[in-house]
Amino acid sequence: MLTHLAAPVEVGLELLPYCNLKCFHCYSNSGPDQSHTGLSLEEIEALCDELADLQVFKINLVGGEPFARRDIVEIIQLAVDRSLAVTITTNGALLTERRLDTLRDAPPALIQVSLDGACAETSDAIRGIGSFDKAVRALRLLTRAGLRTAIGTVACQWNYREIPDIVRLTLELGASNFHLMGLQPAGRGLFRFEDQRLTEEQWLFLYDFFSERAAALSDRIGLHLEIDKFVLFKHGRFTPQNHLDEFARMCSTCPCGRSKCTITTNGDVLPCGLMRDVVAGNVRRQSLREIWNRSEVFAAIRRRSLGIAACSDCPFWNDCLGGCPAITHNLAGNFTGADPRCELAK
Amino acid sequence: MRTGKVKTFSLLKPVLRPGVRYRKDLQGGVIFDAASLGVCFTNPTGLVILGEINGRRACADIVERLQHRFVSTSSRRTVQRDVRRFLKELASVGLIDLEA
């Protein structure tokens, strides 16, 4: 069975721990009290060389807040020069017209701006006062500059009812994609996971909203919906895809350590940014190729996809492969078992 | 009618859309589309067909070259069927254009 690819398809690169905002759900514990230190421009250049050599297709620049780095434009240029598709996840607050002008020579493939409500009252309660207006302004500037944008939303108790309105806002602001994620039990999100995660009924409300409108919306925006699949399994909203071949299964299940990885600000390589303390190696001491091919951490993550006792005979195995290793690790203390959110696991 | 369609398809020249790249990987290949930022996978047969696409070769030329290359392992009909099916699938998901 195909447990992983020869090299990552996508690498997430955390540029600095500092962020001008301090969102309650931040998986990387970023905030204004964190440092600006990350891999140097020279180290990032060497890394981009290796990513190109490995034929990695995409690099996702994250933070903290990527635009808090003074050399962000140079970093983007380094990646673009090596034919890497660059995506950036930002809160948008530090984007100015002058900054955007500097992006014209090496435009990122996509800039995702985080917005956790359809109005300032809701989004600011989650992300900080003034953050909504700044994010909307950034989206307008980006769209006007002809850059491709997405709105990224973390669904929680405070905002799930507004998600249909955030989709309307996505259309109104001319963003090309909408990305919905669930609250993740990582970083500060771990401490609010139980009281802020969506209930089954709330996930079904969102699923039904999107399934009714998917055809109409998909003509206008790309939808990337990370709806809790265990809820869909349980409530019959999902037909098992038993016919999936190995390649389709690789596409549709968690890519963590199998086709993607994350590199932190100190060079640690993680299977996923949500697993902060599971380190496969460090690019300051080893090549990414060596880590990808030889790390016992990656080997263990990949073994999950060969079978989990608690999931034996599950009709959804091919669509799930035991769920999210990171959430399993963060909630259960290890990633060898089935995702604790799944009620079908024995 | 059927013959006409087959003939037309044979004359078309497949070309990768801008931003579409692929690489050889374990048990096949990985295709990346920079426009959608999407990834899909293909088996070794698809990877071989992808390697024949250069924007100048017509579908019929690709079929002929692969029939020659795999003469000892696959029937001519199988090669023709696999190439047609794969190229049509790539076109339907927007990874290639079939140019006249």
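Everything numeric in this text was worked out from a predicted model, so none of it was measured.

K.L.:
Account for the nonpolar core, naming residues and giving values.
P.N.:
Ranked by size, the top nonpolar core spans 120 residues in total, and within it Val86 of chain A together with Val83 of chain B carry the most contacts. Not counting residues up to four positions away in its chain, the partners in contact with Val86 of chain A are Ile59, Leu61, Ile76, Ala79, Val80, Pro108 and Ala109 of chain A.

K.L.:
Describe in detail helix α4 (residues 120-127) of chain A, supporting the description with residues and values.
P.N.:
Residue and element names in this part refer to chain A. Along α4, the residues that are buried comprise Ser123, Ile126 and Arg127. Buried residues of α4 fall within an arc of 80° about the axis and therefore sit on the same side. At its buried positions, α4 is contacted by β4 (110-114) and α5 (131-144). The first or second residue beyond α4 is Gly128, which carries a positive phi of 120°.

K.L.:
Give me the lowdown on helix α12 (residues 296-304) of chain A, citing residues and values where you can.
P.N.:
All names here are of chain A. Those residues of α12 that sit buried are Phe298, Ile301 and Arg304. Buried residues of α12, viewed axially, fall in a sector of 105°; they line one side. On its buried side, α12 packs onto α11 (288-294) and α14 (325-332).

K.L.:
I'd like to hear about the sheet that holds β4 of chain A, residue by residue, with values.
P.N.:
All names here are of chain A. Read across the open sheet, the 10 strands follow the order β7-β6-β5-β4-β3-β2-β1-β8-β9-β10; overall the sheet is mixed. Edge strands, defined here as strands with exactly one partner in the open sheet, are β7 (222-225) and β10 (281-282). Pairing of strand β5 (residues 149-155) with strand β6 (residues 177-182), which is carried by six bridges, proceeds in the parallel orientation. By the bridge assignment for β6, Thr153 is matched with Leu180. The strands touched by α5 within the sheet are β4 and β5, with β4 carrying the most contacts at an inclination of about 160°.

K.L.:
Outline the interface of chain B and chain A, supporting the account with residue identities and numerical values.
P.N.:
With 15 residues of chain B at the interface, the matching set in chain A holds 15 residues. Within the residue set of the side of chain B that touches chain A, elements represented by two or more residues are β2 (20-25), β3 (28-33) and β4 (38-42) of chain B. Taken together, the residues of the side of chain B that touches chain A break down into eight nonpolar, four polar and three charged.

K.L.:
Before we move on, can you summarise the pairing of β4 of chain A with the specific residues and values?
P.N.:
Looking along a regular strand, one sees side chains alternate from face to face of the sheet. Residue and element names in this part refer to chain A. The buried fraction of β4 is high, at five of five residues. What you see with β4 is no split at all: Leu110, Gln112 and Ser114 on one side and Ile111 and Val113 on the other are buried throughout. In this structure, strand β3 (residues 85-90) lies alongside β4, joined through four bridges in parallel fashion. In the sheet register, Thr89 faces β4, and the bridge partner there is Gln112. The parallel pair β3 and β4 is bridged by helix α3 (residues 97-103), and the resulting crossover is right-handed.

Calculation criteria
- Residues numbered from 1 in each chain as written.
- Chains lettered and ligands numbered in written order.
- Predicted model: local features only at pLDDT ≥ 70, side-chain atom pairs only at ≥ 80, totals over all residues.
- Core = buried A, V, L, I, M, F, W, Y, C linked by C-beta atoms within 7 Å.
- Buried ≥ 20, exposed ≤ 12 C-beta atoms within 10 Å, placed from the backbone.
- Contact = placed C-beta atoms within 7 Å.
- Helix = DSSP H or I, 4+ residues; strand = E, 2+ residues; numbered from the N terminus.
- Arc of directions from axis to C-beta.
- Pairing = 2+ DSSP bridges.
- Axes fitted to C-alpha atoms, helices over the stretch in contact; angles between N-to-C directions.
- Nonpolar A, V, L, I, M, F, W, Y, C, P; charged D, E, K, R; others polar.
- Right-handed = clockwise from strand over helix to strand, strands pointing away.

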